[in-house]
Amino acid sequence: MTVSDLEKPAELTVWPGHTPAHVADARSFSTLRAALAAAAVAIDTEDAKPWIITESGDILAPGWIRANTGSRRLQ
């Protein structure tokens, strides 16, 4: 992944931490930067497990997102 990927589209899927796993929220974002911001909010406020797929096919797991967005949660 490169810095230019931050301005490319990305898909965010948020798996809730408190409801059955079959309930997920999937959204498209015009930029990876926006998807990362939404994922960080989901971790901090919803106890969620976000996964992001970038336009180039990289898959960003919840641990990677936590480590690279400054999320406060360490679950």
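Each chain carries its own residue numbering, running from 1 in the direction its sequence is written. Note on the predicted model: pLDDT of at least 70 is required for a residue's local features to be given, and 80 or more for side-chain atom pairs to be given and counted; whole-chain, interface and lining totals, by contrast, use all residues. Derived side-chain values reflect all non-hydrogen atoms in the structure, with water molecules and hydrogen atoms excluded from consideration.

With respect to the overall build of the protein
Step number 1: Secondary structure elements follow DSSP: runs of H or I of four or more residues count as helices, runs of E of two or more count as strands, with numbering from the N terminus. Of the regular secondary structure elements, the protein holds two helices and four strands.
Step number 2: Here the protein holds 75 residues, and the buried ones make up 32% of them.
Step number 3: With an accessible surface of roughly 4500 Å², the protein has 59% of that area assigned to carbon and sulfur atoms. Summary of the burial criterion: residues with accessible area below 20% of their type's maximum are buried, those above 50% are exposed, and those between are partly exposed, where the area comes from a 1.4 Å probe applied to protein chains only. To measure how exposed things are, a 1.4 Å probe is used in the Shrake-Rupley method; for residues, cover is taken only from the protein chains shown.

A short note on the sheet that holds strand β3 (residues 49-54)
Step number 1: The sheet built from four strands is open, its strands ordered β2-β1-β3-β4 with antiparallel pairing. Across the chains shown, the open sheet's two edge strands, defined by having one partner strand only, are β2 (25-29) and β4 (59-60).
Step number 2: One bridge is not enough; two strands pair if DSSP finds at least two bridges between them. Note that β3 and β4 share two bridges and pair antiparallel. Note that in β4 the partner of Ile52 across the bridge is Leu60.
Step number 3: On the sheet, helix α2 (residues 62-69) packs against β3 and β4 and is oriented at approximately 90° with respect to β3. Throughout, a contact is declared for two residues whenever any of their heavy atoms are within 4.5 Å. To get an axis, fit a line to the C-alpha atoms, keeping to the stretch in contact for a helix; angles then go from 0 to 180 degrees between the N-to-C directions.

Here's the deal with α2
Step number 1: For α2, the full list of buried residues reads Pro62, Ile65 and Arg66. All buried residues of α2 fall inside an arc of 100° around its axis, so they share one side.
Step number 2: The first or second residue beyond α2 is Gly70, which carries a positive phi of 80°. The arc under discussion is defined with respect to the helix axis, by the directions toward the C-beta atoms.

By themselves, these figures tell us nothing about what the structure is for.
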